[in-house]
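One-letter residues, chain by chain:
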Amino acid sequence: MCSKLVHFPSKISPYEFTSTITQTIETLKKERSDSKIQNGRVKGDCVWLEIPENLVLISDIHGDLESLYKILDEINFEVFLANKNNKIIFLGDYIDRGSNSVAVLYTICKLKQTYPQSIVLMRGNHEAVEEFPFQSHDLPQRINEYFGNDESKKIHSLVSAFFKLLTVMTIIENQILMVHGGLPTYVNDPIYEMCFPSSRNNTLLLLEDILWSDPRPLENKEWETSRRPFGKHFGSSITQKWLKLVQVKALVRGHEPCNGYRVDHDGMILTLFSCKESYPKFEAGYLYIKNNELSLIQDATDLSCHVRKLS
Ligand SMILES: [Mn+2]
C-alpha cells in the first residue's frame with residue numbers, strides 16, 4: 001500500500017467519492033475555461049506543454065490500484081508533484097478489468113485536486129463508452145458493488161460527466177505527442193479541428209481514431225479495418241505525417257498490453273502499458289525522464305531507454 005497518499009480512506013464513502021469527483025469536474029472545467037495549466041495551454045481537447053523539469057507518463061491502469069500505488073511510491077510522488085514544473089501525464093484507461101476501478105478513479109481525482117498544475121488526465125476508450133459502446137465494461141457493476149444500488153446510478157452519471165472533461169491529446173512542444181490509442185487518418189487540419197470543433201460529427205470521427213486505433217506495420221496502404229469494434233489499424237505513413245504536422249520526434253500511446261513498452265513504426269511510436277493485475281502474462285512500465293534527457297531524444301527508441309518496469 002502507498003502509505004503516503006494523504007487522506008486516502010480504506011473505504012470510500014459515497015459522499016467522499018461524489019464530492020471528490022464533483023470537485024475534479026470543477027477543476028477541469030476551470031482549466032478549460034482559463035485555457036491554461038502551469039507551463040502550458042489547454043485548448044478544447046488538447047493540452048500543449050513546454051518541456052517539464054521531470055516528466056512521468058503512466059499508461060493503462062485498468063483498475064489495478066496496486067500497480068498505480070507502486071508507481072506513485074517509486075517516483076516519491078509528494079515531492080515530485082509539489083514542484084509545479086514537473087508533470088505526471090496519464091494516458092487513459094483507468095477503469096475496467098481490474099478489481100479496484102472505484103479506488104483508482106478516486107486516487108487520480110484526488111491527485112488532480114491536490115496538484116492541479118502537475119497532473120494531466122487524458123481520456124481512454126474505456127472512458128468513452130457513451131460515445132463508443134462495447135461489451136465487457138464493468139464500471140457500472142463495480143460502482144454498484146462498492147456503493148450499493150441506491151447510490152450507483154447517480155454516481156455513475158457523475159463519473160460519465162467527469163470522463164467527458166478529460167483531454168484527448170497532449171503535445172510537449174518539439175518533443176512528443178501523446179494520445180490513448182492512435183492517430184486519425186483524415187480531416188484536413190486535425191489539430192485545429194480538435195481545438196475548435198466544427199461539428200460534433202467531425203469530433204466523433206477524430207475521437208474514435210484517437211481513442212481506439214492501433215499502429216500496425218502496413219505495407220502499400222495507409223490504414224485498414226481494426227480487429228476491435230471501433231478505430232483502425234494505421235500504418236507508418238500516417239504516423240510520419242502527424243509527427244511532421246505537430247513537429248515532434250515521437251508518438252507515445254497506450255491501449256495495447258506489452259512488456260511495459262513496445263516500439264513501432266521504425267522508432268516513431270512508443271507504446272506504454274502500466275498495469276499487471278488483469279494481464280499476468282505481460283509486464284507493467286512507466287516512463288520517467290528529465291528535461292535535459294527529453295530534449296536530447298531523437299525518436300521513440302531513445303525514449304524507451306527511460307521506461308522503468310514494475311517489479
Ligand atoms: Mn484502451
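Just above sits the structure.
Structure report, in brief. Values in this document were obtained by computation on a predicted structure and should not be read as measured data.

Once that is clear, we can look at the sheet that holds strand β15 (residues 285-290). With mixed pairing, five strands are arranged side by side in an open sheet as β6-β5-β4-β15-β16. Pairing within the sheet leaves two strands with one partner each, and these edge strands are β6 (119-121) and β16 (307-309). On average, adjacent strands in this sheet sit at an angle of 20° to one another, irrespective of strand direction. Pairing geometry for strand β5 (residues 87-90) and β6, over three bridges, is parallel. By the bridge assignment for β6, Ile89 is matched with Val120. Across the sheet, helix α4 (residues 101-114) lies against β5 and β6, angled at about 135° from β6, the strand it touches most.

As a further point, take the environment of Ser10. Within the fold, Ser10 resides in the segment before α1 (14-34). For Ser10, a relative accessible area of 79% gives the class exposed. Placed 93 residues apart in sequence, Ser10 and Ala103 show a C-alpha to C-alpha distance of 9.3 Å.

Time to look at the coordination of the manganese ion. Taken together, the protein donors to the manganese ion comprise Asp93 (OD), Asn125 (OD1), His180 (NE2) and His255 (ND1), at separations of 2.1 to 2.2 Å. Counting along the primary sequence, the residues that act as donors to the manganese ion give the motif D-x31-N-x54-H-x74-H. Of this pair, Asp93 sits in the loop between β5 and α4 while Asn125 sits in the loop between β6 and α5 (139-147), placing them 32 residues apart in sequence. Of the two residues, Asp93 and Asn125, both sit in the buried class.

Before going further, it helps to examine the packing of α1 against helix α6 (residues 149-164). Each packed pair of helices is defined by two parameters, the angle between the axes and the distance between the axes. Following both chains from N to C, one finds α1 and α6 inclined at 20°, their axes separated by 9 Å at the closest point. In this view, α1 runs roughly parallel relative to α6, as classed from their interaxial angle. The interaxial crossing formed by α1 with α6 has left-handed handedness. Seen from α1, the contacting residues are Pro14, Phe17, Thr18, Ile21, Thr22, Thr24, Ile25, Leu28 and Arg32; seen from α6, they are Glu151, Ile155, Leu158, Val159, Ala161, Phe162 and Lys164. Split into classes, the residues belonging to the contact of α1 with α6 amount to 10 nonpolar, three polar and three charged.

Cut-off values and rules
Residues numbered from 1 in each chain as written. Predicted model: local features only at pLDDT ≥ 70, side-chain atom pairs only at ≥ 80, totals over all residues. Heavy atoms only, no water. Pairing = 2+ DSSP bridges. Helix = DSSP H or I, 4+ residues; strand = E, 2+ residues; numbered from the N terminus. Axes fitted to C-alpha atoms, helices over the stretch in contact; angles between N-to-C directions. Contact = heavy atoms within 4.5 Å. Buried < 20%, exposed > 50% of the residue type's maximum accessible area, 1.4 Å probe, protein only. Donors = N, O, S within 2.8 Å, 3.2 Å for Na, K, Ca; no water. Parallel < 35°, antiparallel > 145°, perpendicular 65-115°, else oblique. Left-handed = near helix turned anticlockwise from the far one by under 90°. Nonpolar A, V, L, I, M, F, W, Y, C, P; charged D, E, K, R; others polar.

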